[in-house]
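# Overview (structure and organization)
Residue strings, one per chain:
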Amino acid sequence: MGINYGTLSNEILRPPEAVGLIKDLGFDRAKIFSADSSIIRAFANSGVKLSVMVANQQIPEIASSQSSADAWVEKNVAAYYPKTAIESVLVGNEILSDSSIRESTWPKLVPAMEKIQSAVEKFELAGSIKVSTPLASDALGNSYPPSAGSFKSDIAESIIQPLLEFLSRTNSFYCGNVYPYFAWAGNPGEIPLDYALFGSQQEVVRDGSLRYTNLFDAMVDATISAIEKLGFSSLDFAVCETGWPSKGDGSQPGATVSNAARYNNRLIAKTLRAQGTPKKRGYFPTYIFALFNENLKNGAVTERNFGVTYPNGELVYALDIAGGERDTHDDAGSSGGGNRTESPPGGENGGGGNGSTGRKEWCVANSDASQAALQAALDYACSSGGDCTAIQPNQPCFFPETMVSRASYAFSSYYNKMKSSGGTCDFNQAAHVTQTDPSYGSCVYPSAA
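Here is what the cut-offs are and how they apply
- Residues numbered from 1 in each chain as written.
- Predicted model: local features only at pLDDT ≥ 70, side-chain atom pairs only at ≥ 80, totals over all residues.
- Heavy atoms only, no water.
- Disulfide = S-S within 2.5 Å.
- Helix = DSSP H or I, 4+ residues; strand = E, 2+ residues; numbered from the N terminus.
- Buried < 20%, exposed > 50% of the residue type's maximum accessible area, 1.4 Å probe, protein only.
- Phe/Tyr/Trp six-rings, centres within 6.5 Å; stacked < 30°, edge-to-face > 60°.
- Axes fitted to C-alpha atoms, helices over the stretch in contact; angles between N-to-C directions.
- Parallel < 35°, antiparallel > 145°, perpendicular 65-115°, else oblique.
- Left-handed = near helix turned anticlockwise from the far one by under 90°.
- Contact = heavy atoms within 4.5 Å.
- Nonpolar A, V, L, I, M, F, W, Y, C, P; charged D, E, K, R; others polar.
- Pairing = 2+ DSSP bridges.
- UniProt positions renumbered as here; feature names shortened; annotations may be inferred.
- Domains from an automatic or database assignment.
- Buried area = accessible area lost by both parts, 1.4 Å probe.
- Salt bridge = Lys/Arg side-chain N within 4 Å of Asp/Glu carboxyl O.
- Polar contact = N/O pair within 3.5 Å; in protein donor to acceptor, adjacent residues only side chain to side chain.

Time to look at the state of the cysteines. The tally for this structure, following the rule as stated, stands at 4 disulfides. At a sulfur-sulfur separation of 2.0 Å, the disulfide partner of C363 is C425. Since a negative S-S torsion denotes a left-handed disulfide, the C363-C425 link at about 85° is right-handed. Of this pair, C363 sits in strand β14 (residues 362–365) while C425 is found in the loop between α12 (403–418) and β15 (431–434), placing the two residues 62 residues apart along the sequence. Here C397 pairs with C443 through a disulfide, and the sulfurs are 1.9 Å apart. Residues C397 and C443 are joined through a disulfide that is right-handed, its torsion about the S-S bond being 110°. Taken together, the positions of C397 in the loop between α11 (371–383) and α12 and C443 in the segment after β15 put the pair 46 residues apart, joining distant regions of the chain. Accessibility expressed as a relative area gives 0% for C443, which makes it buried. Bonded cysteines in the protein are paired 1-2, 3-7, 4-5, 6-8 when counted in the order they occur along the chain.

Attention now moves to the packing of aromatic side chains. Within this structure, the stated rule accounts for 24 aromatic pairs. Between W184 and W244, the aromatic rings sit 6.0 Å apart at their centres with planes inclined by 35°, giving tilted as the arrangement. Of this pair, W184 sits in helix α7 (residues 180–185) while W244 sits in the loop between β12 (236–242) and α10 (257–272), and the two are 60 residues apart along the sequence. W244 shares its class with W184; the two are buried. Seen from their ring centres, Y440 and Y445 are 6.4 Å apart, and the 55° between their planes marks the pair as tilted. An aromatic cluster is present here, built from F33, Y179, Y181, F182, W184, F198, F216, W244, Y263, F289 and F306 joined pairwise through their rings.

Contact geometry for helix α4 (residues 66–78) and helix α5 (residues 109–122): axes closest at 8 Å, N-to-C directions at 55°. Judged by the inter-axis angle, α4 sits oblique to α5. Seen along the crossing, α4 lies across α5 with a hand that is right-handed. Counting all contacts with α4, which are made through Q66, A69, D70, W72 and V73, the residues of α5 involved are K115, I116, S118, A119, V120 and K122. Grouping the amino acids of the contact of α4 with α5 by side-chain chemistry returns 6 nonpolar, 2 polar and 3 charged.

This part covers the sheet that holds strand β6 (residues 134–136). Read across the open sheet, the 9 strands follow the order β5-β4-β3-β2-β1-β13-β12-β9-β6; overall the sheet is parallel. Where the open sheet ends on each side, the last strands, each with one partner, are β5 (130–132) and β6. Strand-to-strand twist of the sheet, defined as the mean angle between neighbouring strand axes without regard to direction, takes the value 25°. Relative to strand β3 (residues 49–54), strand β2 (residues 29–32) is paired through 3 bridges, and the arrangement is parallel. Across the sheet, R29 pairs through a bridge with K49, a residue of β3.

Looking now at the UniProt feature "domain: X8" (unreviewed entry) in the protein. The feature "domain: X8" (unreviewed entry), as annotated in UniProt, sits at residues 361–445 in this numbering. Segment residues 361–445 splits into 34% helix and 9% strand. End C-alpha atoms: 10 Å apart.

A word on the domain arrangement of the protein. Once the domains are mapped, the protein shows domain 1 (2–309) and domain 2 (362–434). Taking only C-alpha atoms, the centre of domain 1 and the centre of domain 2 are 38 Å apart. Each partner contributes residues to the interface: domain 1 has 4 residues there, and domain 2 has 4 residues. Three residues stand out in domain 1 for area buried against domain 2, namely E17, L21 and D24, and they jointly supply 81% of the buried area on that side. Linking domain 1 to domain 2 there are 0 salt bridges. Put simply, domain 1 and domain 2 have 0 residue pairs in polar contact (both at pLDDT 80 or more) between them.

As structure tokens, then:
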């Protein structure tokens, strides 16, 4: 699994901390929207494969000058590879969705990619680094049913055809951004929410012999059908962005913490099973959007709330990168509050109780507890039976560096050790019991039965 790492926030983790968070969450690929040297350096020797990006405004210059392309690759790729495992250079971001640069930039896209490819070859990196460009689903003129997928007529021959020829010739991949949320939100009366959230177990759409139980597969296959119509059926495919917002305003239905958790956890489970889609079987790289909520982004409230974590690294909801298909339900945190996990209905016992339930339980911090109360409770938990080694520096639960996260681990460790002898999960009303596992990546929270 991959994660999109954007930085449009004024309270965001520093790059080394962000890379540590990405590793702790269990992602082995990341994509950034720039060639920021501090970020690229932070990925050195991390084991995380990185995609870097040429900015949209740089495309015309690079398209017209091989020396500019050579300089860009030398400065932003060759200078860091192989310590930083750069695996692709993405030229622009959804440029065909921006009509304001139709004349200035659209025709320059493929020429710029050609020159970046030549530069990659010049520095003898072509065997390891691919060149592509992310395109949104609005590059399609038709997407329903999936087999009827086709590119818009004004770009199909002039831009897409040469783009696909380039990708095929260089053994690269089509980089598609796929957002079932926007498709559903634009037509909630016709598209079932469960179909958009991977929640339907039954066929919703039949397209010839192909049966679709989720909107994501249908959208991917519409793009693949469009690619095939131009003669490139064997081209590799990657989902370079997909996700679901955890918060919106009154005009943005479905943007809740629980829906975002359902979408991304089910996406992870599906991807790691390497099922592919009805049309394209097997595994293809998939990047969740995004690592952080980004409060400086323009546009609707949803645009600022696609992150799986807050800018300080605290989880917006539990994320199961192991692919266990954790399901989640609405709770008081679904409005975008600070709770690290969501509790199933009836899953809390009011913050106390020491009888065995027969199900695993974790003791986690209340997000509305004061920092002082959490610190005092954490100190007590660590000194009264809890093992807090895992939240120390260089240990698997050190990130994110938030009091709620670390207190939750300490409380769960204490509860694991002390419940059988009368220990409770209360900590002066700073904690509560949940039956949703708050573990993430290599950080495994102790549980009590």
